[in-house]
Amino acid sequence: MKIFINTWVFENEIKDGISQAKLFNRVKEVGADGIEVRREYFKNLPDKLKEINDKRGETKLLVNYSVPDEVFTNDGKINPLLKQYFDEAIKMGITKIKFNLGNFKNYNGSLKEDFKQFPLDKIKMNIENDQTEISGKIANIKYFLQKANQNDVKIGYVYDLGNWAFTNQDADYAANQLAPFVDYIHLKNGKLETSNDLNTGKFDWKELLKKLPKVDLALKYPMDNDQELKEQFDLLKDEVR
């Protein structure tokens, strides 16, 4: 079980212009095993890919990649940009890549054939429950993951705790239904506004973790400074290790 820091933690600094590559050493100092970089935070992305890979080698941190795009388009086709996203991931030395599901209900192709083009043996692909009707509903996510499994397509699932508040679904029920597919967990708390403290919000995160497999976790909510990050990291570490 590895603990990652999603770069949303540093949202205010990123808005002020700090690059994600500059955050690696600080994440390392906190004691984390890895960093999760966000595609929407990159400026001049092609120029940053080597820099991220270099920082990965220098710090020995694992690197995950959060991509705010969908696997399936509105008309049920495979998103043509997925290949580009995987190419970016390979150049950065990514361990896991994460997408939203999109409109799978209109898909009528062959999962096995369509996903052969992606390096799923080198990079773990996951989908996440987001805050939308189509990509955030338990039934839609479970249906897709079952179909992928039946077709021997190795795609996992990111259980994002905080997003259940936005889709008005039961986090415990979601954990029970989706636990067999969980590869990664995003932890944040709150109600309809994300808290900067895991212990503040509507979810009992400690109890929910007991319902889920022991997989990699990420802290994913804005924090005010590195001291606050260290306190939240230690809170999580003390619970899971």
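Up top is the structure.
Residues numbered from 1 in each chain as written. Predicted model: local features only at pLDDT ≥ 70, side-chain atom pairs only at ≥ 80, totals over all residues. Heavy atoms only, no water.

Caption draft 1: Geometry of the nonpolar core. If you look at the biggest cluster of nonpolar residues, it comprises 79 residues, and the most contacted ones within it are Tyr65, Phe72, Ile97, Phe115, Phe144 and Tyr159. Here phenylalanine 115 is in contact with Val71, Phe72, Ile78, Leu120, Met125, Val153 and Ile155, once residues within four sequence places are set aside. (Core = buried A, V, L, I, M, F, W, Y, C linked by side-chain atoms within 4.5 Å. Buried < 20%, exposed > 50% of the residue type's maximum accessible area, 1.4 Å probe, protein only. Contact = heavy atoms within 4.5 Å.)

Caption draft 2: Highlighting unusual backbone geometry. We note that aspartate 152 has phi near 60 degrees; this positive angle belongs to a residue other than glycine. On the secondary structure map, aspartate 152 appears in the loop between α6 (138-150) and β6 (155-160). Of note in the backbone geometry, asparagine 168 takes a positive phi value of approximately 60 degrees without being a glycine. For asparagine 168, the position within the fold is in the loop between α7 (164-167) and α8 (171-178). Accessibility expressed as a relative area gives 73% for asparagine 168, which makes it exposed. (Helix = DSSP H or I, 4+ residues; strand = E, 2+ residues; numbered from the N terminus.)

Caption draft 3: The arrangement of the packing of aromatic side chains in detail. Under the counting rule described, the total for this entry stands at 14 aromatic pairs. Here phenylalanine 72 and phenylalanine 115 contribute two aromatic rings whose centre-to-centre distance is 6.4 Å and whose plane-to-plane angle is 65 degrees, an arrangement assigned as edge-to-face. Residue phenylalanine 72 is located in strand β3 (residues 62-72), and its partner phenylalanine 115 is located in the loop between α5 (111-114) and β5 (124-128); the two are separated by 43 residues in the primary sequence. Each of the two residues, phenylalanine 72 as well as phenylalanine 115, counts as buried. Look at phenylalanine 115 and phenylalanine 118: their rings are 5.6 Å apart centre to centre, the planes differ by 65 degrees, and that puts the pair in the edge-to-face class. Accessibility classification places phenylalanine 115 together with phenylalanine 118 in one group, the buried group. Ring-pair connections join several aromatic residues into one group, and the members of that group are Phe72, Tyr85, Phe86, Phe99, Phe104, Tyr107, Phe115, Phe118, Tyr143 and Phe144. When the ring centre of tyrosine 41 is taken as origin, the NZ or CZ atom of arginine 38, which lies over that ring, is 5.5 Å away. (Phe/Tyr/Trp six-rings, centres within 6.5 Å; stacked < 30°, edge-to-face > 60°. Lys NZ or Arg CZ within 6 Å of the ring centre and 35° of its normal.)

Caption draft 4: Looking closely at the pattern of salt bridges. Tallied over the full model, the rule gives 23 salt bridges. Among the ionic pairs, lysine 98 bridges to glutamate 128, the shortest N-O distance being 3.0 Å. Of this pair, lysine 98 sits in strand β4 (residues 96-102) while glutamate 128 sits in strand β5; the two residues are 30 residues apart in sequence, bridging distant segments of the chain. By relative accessible area, which is 5% here, lysine 98 ends up buried. What you see here is one network of salt bridges that share partners, running through Lys98, Glu128, Asp160, Lys188 and Lys220. (Salt bridge = Lys/Arg side-chain N within 4 Å of Asp/Glu carboxyl O.)

Caption draft 5: Structural context of the pairing of strand β2 (residues 34-38). When you tally the buried positions in β2, you get five out of five residues, the bulk of the element. Burial of β2 is two-sided: the residues Gly34, Glu36 and Arg38 facing one way and the residues Ile35 and Val37 facing the other way are all buried. Pairing between β2 and β3: five bridges, direction parallel. The residue bridging isoleucine 35 from the neighbouring strand is valine 63, located in β3. Note that the unit made of β2, helix α3 (residues 45-59) and β3 has a crossover that is right-handed. (Pairing = 2+ DSSP bridges. Right-handed = clockwise from strand over helix to strand, strands pointing away.)

Caption draft 6: Looking closely at the sheet that holds β2. Spatial ordering of the closed barrel is given by β1-β2-β3-β4-β5-β6-β7-β8, a layout of eight strands whose pairing is parallel. Each adjacent strand pair in this sheet contributes to an overall mean axis angle of 30 degrees, direction not counted. By the bridge criterion, three bridges tie strand β1 (residues 3-6) to strand β8 (residues 216-219) in an arrangement that is parallel. Considered in β8, the bridge of phenylalanine 4 is made with alanine 218. Sitting on the sheet, α6 touches β3, β4, β5 and β6, and the angle it makes with β6 is about 160 degrees. (Axes fitted to C-alpha atoms, helices over the stretch in contact; angles between N-to-C directions.)

Caption draft 7: Here's a closer look at the packing of α3 against helix α4 (residues 82-92). The geometry of α3 relative to α4 is characterised by a closest axis approach of 7 Å and an angle of 40 degrees between their N-to-C directions. Of the residues in α4, those touching α3 at Leu45, Leu49, Ile52, Asn53 and Arg56 are Glu88, Lys91 and Met92. The residue makeup of the contact of α3 with α4, split by class, is four nonpolar, one polar and three charged. (Nonpolar A, V, L, I, M, F, W, Y, C, P; charged D, E, K, R; others polar.)

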